[in-house]
Amino acid sequence: MSPEGKKLLNIIILGFGFMFMFTAFQTCGNIEQTVIKSFNSTEFHGSGYTSMAIIYGVFSASNLIAPSVVAVIGPQLSMFFSGLLYSLYIAMFIYPYTWSFYTASVLVGIAAAVLWTAQGNVLTINSTDSTIGRNSGIFWALLQFSLFFGNLYIYCAWHGHVHITDKDRRTVFISLTVISLVGCFLFFLLRKPDSECSSSAEATEPLLQEEPCNNTATSGVLTSAVLSAVKACKLFITREMLLLGVSIGYTGLELTFYSGVYGTCIGAMMRFGQDAKSLIGISGICIGVGEILGGSVFGILNKRIGFGRNPIVLLGLVTHIIAFYLIFLNIASDAPLAPEEGTDLEAFITPSVGVALFCSFLLGLGDSCFNTQLLSIIGFMFHDNSAPAFAVFKFIQSIMAALAFYYSNYLLLHWQLLILVVVGFLGTITFFKVEHMASSSRRQSDYDSI
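Rules of the game
Residues numbered from 1 in each chain as written. Predicted model: local features only at pLDDT ≥ 70, side-chain atom pairs only at ≥ 80, totals over all residues. Heavy atoms only, no water. UniProt positions renumbered as here; feature names shortened; annotations may be inferred. Helix = DSSP H or I, 4+ residues; strand = E, 2+ residues; numbered from the N terminus. Buried < 20%, exposed > 50% of the residue type's maximum accessible area, 1.4 Å probe, protein only. Contact = heavy atoms within 4.5 Å. Areas by Shrake-Rupley, 256 points an atom, 1.4 Å probe, with all protein chains shown as cover. Expected span 1.5 Å × (residues − 1). Salt bridge = Lys/Arg side-chain N within 4 Å of Asp/Glu carboxyl O. Phe/Tyr/Trp six-rings, centres within 6.5 Å; stacked < 30°, edge-to-face > 60°. Lys NZ or Arg CZ within 6 Å of the ring centre and 35° of its normal. Axes fitted to C-alpha atoms, helices over the stretch in contact; angles between N-to-C directions. Nonpolar A, V, L, I, M, F, W, Y, C, P; charged D, E, K, R; others polar. Patch = residues over 30% accessible without salt bridge, like charges linked within 9 Å, V, L, I, M, F, W, Y side chains within 5 Å. Core = buried A, V, L, I, M, F, W, Y, C linked by side-chain atoms within 4.5 Å. Domains from an automatic or database assignment. Parallel < 35°, antiparallel > 145°, perpendicular 65-115°, else oblique. Left-handed = near helix turned anticlockwise from the far one by under 90°.

As recorded in an unreviewed UniProt entry, the protein chain goes by the name Major facilitator superfamily domain containing 11, listed as coming from Haplochromis burtoni. The Subcellular location (unreviewed entry) field of the UniProt record for the protein chain holds the comment "Membrane". Under the heading Sequence similarities (unreviewed entry), UniProt records this for the protein chain: "Belongs to the unc-93 family."

This is the structure we're talking about:
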């Protein structure tokens, strides 16, 4: 296989590994607040929103050490062990206890930082400036198939259920745990890409380090770990990353909204009928369709159709504003905070299932527009410092997601939507500024090479 083909295969394997893992985890996040409300046990006092706030809060702090972990044990093992902790969190719902719920939340926060830093590292070392957009799109599209498969299963399993029984819960979470473990073991299929110093014999070895030709001593590895942490701190205060931070922060806020809050809102709408609970699964599928479409068109085909990044990000903002406006009209303001019995309040129009699912599609499409272009521009501008750069990316995203999950416990829907609109608008402006800087840098590089 050619070196380019081997790199593309690594991207596809990476995408499938994440697809299996997040088929389980994103489905878990989408339904956990609804599941918790239905618990028969009076000894469990956890909150899905609080759990997610803990996960993303620990996630943000752990990004400071994640580059060091990836530098010491390599991206492949980093993703595998992180995946095991994701599986542990999902398995906790089979026999839930408050203490194990929040302990697992902390462990997943640490695992998430390492997992996504390693993912960015693998994506970057298997890409060039000319393929980073394509590879980001391929990875994103495969990852978002997780929303389709996981939520289709939830719809089939819960169709017609008004109340989620203990048996229903255990069946679902045992299945999700097995699916997550499959994704973990797929990471062992990754192979290191060919480099100038690699031989054909080395080409079949696992992808363990970004620079596999250097057999460093333990002291050298530890030095590399310290340097990675220092680089992450330095990158965080660069002008480019500070500007991108607003865009990245917006993706954290809307991640919280579409992956947790919106599904809960749909499940709480009594006026959607007895199938409101199963509509959570259909909503997740629609989000997944939007994510896959966006990842495919604006990631894989972006270079062929010559759009560039700015129009795609602008499209993401427009689709999100349309979705937020329709949600404001269609969903009752108290839906995020409603009890298991739901709410029978109306917003400004008669609640429509069709409008609710169309909004789910728009949320997914807009999210893919932002994320594929952020992955692309960070991979381009920080190619030589990919692990620290993606650690900073996830640090900002996760701390904003944690903040959003926290305020979701208290704010009515219309206030949450207002925050999303304001931050999304500001994030689009700052992205345009950084894209202009990247274009100038590219033109200067082309001029210097003449």
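Still more to cover.
Draft legend 1. Geometry of the overall build of the protein chain. Helix and strand content of the protein chain: 14 helices and zero strands. Ordered by position in the sequence, the α and β elements of the protein chain form the string α-α-α-α-α-α-α-α-α-α-α-α-α-α. Counting over 450 residues, the protein chain shows a buried share of 57%. Intrachain contacts of the protein chain at a sequence separation of at least 6 include 85% that bridge at least 24 residues. Summing over all exposed atoms, the protein chain offers an accessible surface of approximately 17600 Å²; the carbon and sulfur share of this is 68%.

Draft legend 2. Main features of helix H2 (residues 48-62). Relative to the 21 Å expected for 15 residues at 1.5 Å per residue, H2 spans 21 Å between its end C-alpha atoms, a close match to the ideal helical length. Counting buried positions along H2 yields eleven of 15 residues, so the element is predominantly enclosed. Buried residues of H2: Gly-48, Tyr-49, Ser-51, Met-52, Ala-53, Ile-55, Tyr-56, Val-58, Phe-59, Ser-60 and Ser-62, and no others. Considering only its buried residues, H2 is in contact with helix H1 (3-37), helix H3 (66-91), helix H4 (98-125), helix H8 (239-268) and helix H13 (386-407).

Draft legend 3. Structural detail: the pattern of salt bridges. Taken as a whole and assessed by the stated rule, the structure comprises two salt bridges. For Glu-4, the salt bridge goes to Arg-134, with nearest N and O atoms at 3.1 Å. Here Glu-4, found in helix H1, pairs with Arg-134, found in helix H5 (residues 132-158); they are 130 residues apart in sequence, far enough to count as distant. A residue is classified by how much of its surface remains accessible, and Glu-4, at 34% relative accessible area, is partly exposed.

Draft legend 4. Structural view of the packing of aromatic side chains. With the rule as written, the count across this model stands at 29 aromatic pairs. Judged by centre distance (6.4 Å) and plane angle (85 degrees), the ring pair of Trp-116 and Phe-139 falls under edge-to-face. Of this pair, Trp-116 sits in helix H4 while Phe-139 sits in helix H5; the two residues are 23 residues apart in sequence, bridging distant segments of the chain. In this pair, the class of Trp-116 matches that of Phe-139, namely buried. Sitting over the face of the ring of Trp-116, Lys-394 holds its NZ or CZ atom 4.0 Å from the ring centroid.

Draft legend 5. Quick peek at the packing of H1 against H2. One can describe the packing of H1 onto H2 by two numbers: an axis separation of 8 Å at closest approach and a directional angle of 140 degrees. Between H1 and H2, the residues in contact are Phe-25, Gly-29, Glu-32, Gln-33 and Ile-36 and Gly-48, Tyr-49, Ser-51, Met-52 and Ile-55, respectively. Per-class residue counts for the contact of H1 with H2 are five nonpolar, four polar and one charged.

Draft legend 6. Inspection of the side chain of Gln-26 at higher detail. Tracing the backbone through its elements, the reader meets Gln-26 in helix H1. When near neighbours in sequence (up to four residues on either side) are disregarded, Gln-26 contacts Leu-143, Gln-144, Ser-146, Leu-147 and Tyr-258.

Draft legend 7. How the structure looks around a nonpolar patch on the surface. Taken together, the side chains of Trp-415, Leu-418, Val-422, Phe-425, Leu-426 and Ile-429 define a hydrophobic patch exposed on the protein surface, amounting to about 590 Å² of accessible area. Along the polypeptide, Phe-425 turns up in helix H14 (residues 413-448).

Draft legend 8. Representation of the nonpolar core within the structure. Phe-18, Tyr-86, Tyr-89, Trp-116, Phe-173 and Phe-257 are the most contacted members of the largest nonpolar core, which totals 110 residues. Per-element tally for this core: the top contributor is H8, with twelve residues. Shared between two domains, this core takes at least three residues from each, and those domains are domain 1 (1-190) and domain 2 (238-442). Those residues within four positions of Phe-257 in sequence are excluded, and the remaining contacts are Tyr-262, Phe-324, Ile-327, Leu-363, Leu-413, Gln-416, Leu-417 and Leu-420. One finds Ile-11, Ile-132, Ile-138 and Leu-142 within the second-largest nonpolar core, a separate group that totals five residues.

Draft legend 9. Quick look at the packing of H1 against H4. For the pair H1 and H4, interaxial distance at closest approach is 12 Å and the crossing angle is 155 degrees. The orientation of H1 relative to H4 falls into the category roughly antiparallel. For the element pair H1 and H4, the recorded crossing hand is left-handed. Contacts between H1 and H4 involve Lys-7, Ile-11, Leu-14, Phe-18, Met-21, Phe-22, Phe-25, Glu-32 and Ile-36 from the former and Phe-101, Val-108, Leu-115, Trp-116, Gln-119, Val-122, Leu-123 and Ile-125 from the latter. Here the residues of the contact of H1 with H4 sort into 14 nonpolar, one polar and two charged.

Draft legend 10. Spotlight on the environment of Leu-186. Within the fold, Leu-186 resides in helix H6 (residues 166-186). As a C-alpha pair, Leu-186 and Leu-14 span 172 residues in sequence and 8.0 Å in three-dimensional space. Leaving out residues up to four positions away in the same chain, Leu-186 has contacts with Ile-13, Phe-16, Gly-17 and Phe-20.

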